[in-house]
Amino acid sequence: MAYKGNNIVDGYIFKSIKEAERARKELDSINKIKSEIDINNGDKMEQLYTKLVDKRCYVTPIGINFLHEMREYIINELCIYDLPPVPVTSLVKTQAPDGVDLNKFEKLKEELDKERTLRKKITIFLVAFLAIIIGMFFIIVTNDNLGYFNAEEKVLDKYSAWQERLESWEDELNEREEILNNME
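The structure displayed is predicted, hence computed values, not measured ones.

Caption draft 1: Seen up close, the packing of aromatic side chains. Tallying each qualifying case throughout the model produces 2 aromatic pairs. Note on Tyr58 and Phe66: the rings are 6.0 Å apart at their centroids and 85° apart in plane angle, and the pair reads as edge-to-face. Neither residue differs from the other here; Tyr58 and Phe66 are each classed as buried. Seen from their ring centres, Phe125 and Phe129 are 6.1 Å apart, and the 15° between their planes marks the pair as stacked.

Caption draft 2: Region of the structure containing the side chain of Ser16. Assignment of secondary structure puts Ser16 in the loop between β2 (12–13) and α1 (17–36). What makes Ser16 buried here is its relative accessible area of 6%. Of the polar contacts made by the side chain of Ser16, one reaches the backbone nitrogen of Glu19; its length is 3.2 Å.

Caption draft 3: Seen up close, the packing of α1 against helix α3 (residues 61–78). Relative to each other, α1 and α3 sit at 30°, their axes nearing to 8 Å. Compared by their axis directions, α1 and α3 come out roughly parallel. Only Ile62, Gly63 and Phe66 of α3 make contact with α1, whose side of the interface consists of Ala23, Glu26, Leu27, Ile30, Ile33 and Lys34. Its residues assigned to classes, the contact of α1 with α3 shows 6 nonpolar, 1 polar and 2 charged.

Caption draft 4: Local environment of the pattern of salt bridges. Evaluation of the coordinates by the stated rule reveals 1 salt bridge. With a closest N to O distance of 3.3 Å, Arg22 and Glu26 form a salt bridge. Note that Arg22 and Glu26 are positioned in helix α1 at a spacing of 4 residues, about one turn of the helix. Assessed through its relative accessible area of 3%, Glu26 is described here as buried.

What counts, and at which threshold
Residues numbered from 1 in each chain as written. Predicted model: local features only at pLDDT ≥ 70, side-chain atom pairs only at ≥ 80, totals over all residues. Heavy atoms only, no water. Phe/Tyr/Trp six-rings, centres within 6.5 Å; stacked < 30°, edge-to-face > 60°. Buried < 20%, exposed > 50% of the residue type's maximum accessible area, 1.4 Å probe, protein only. Helix = DSSP H or I, 4+ residues; strand = E, 2+ residues; numbered from the N terminus. Polar contact = N/O pair within 3.5 Å; in protein donor to acceptor, adjacent residues only side chain to side chain. Axes fitted to C-alpha atoms, helices over the stretch in contact; angles between N-to-C directions. Parallel < 35°, antiparallel > 145°, perpendicular 65-115°, else oblique. Contact = heavy atoms within 4.5 Å. Nonpolar A, V, L, I, M, F, W, Y, C, P; charged D, E, K, R; others polar. Salt bridge = Lys/Arg side-chain N within 4 Å of Asp/Glu carboxyl O.

Here it is as structure tokens:
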């Protein structure tokens, strides 16, 4: 399968055109360094390597590979062992999408995390609140002794019972009064 495209540089395929352009610039810089440096002068090789590592000039796999090869050459051929290691940065975690400032991207990620946390808390609150409301309705439906809901029926029942007793007493009194009136 033949690979072609703007994202391929020196056998490496990059995620974006921006990364590929960075790799092309690094490759041009590497070729310039290779053409100008005396590889037998150990001091200059060591100084150049240290300067490139300290400034973190290369971040793509092409540049990192060059630094590694340069380090191995200095150690193995020129016998200089006191060299700093090749710095490697993680492109996956710190890489923002194309056209987005990395600082803004990090701030947006933090805000998104805060909003997700807030959404979880609100969801938990709403579920708890809904459970309480459902529990209250369950109590209302199943409990017959609730004061406010059955109060009118209870008062009417009591009043009708009193009314019946009063009417029966009145009837008895009327009968007694008639008996007393008949006796006189």
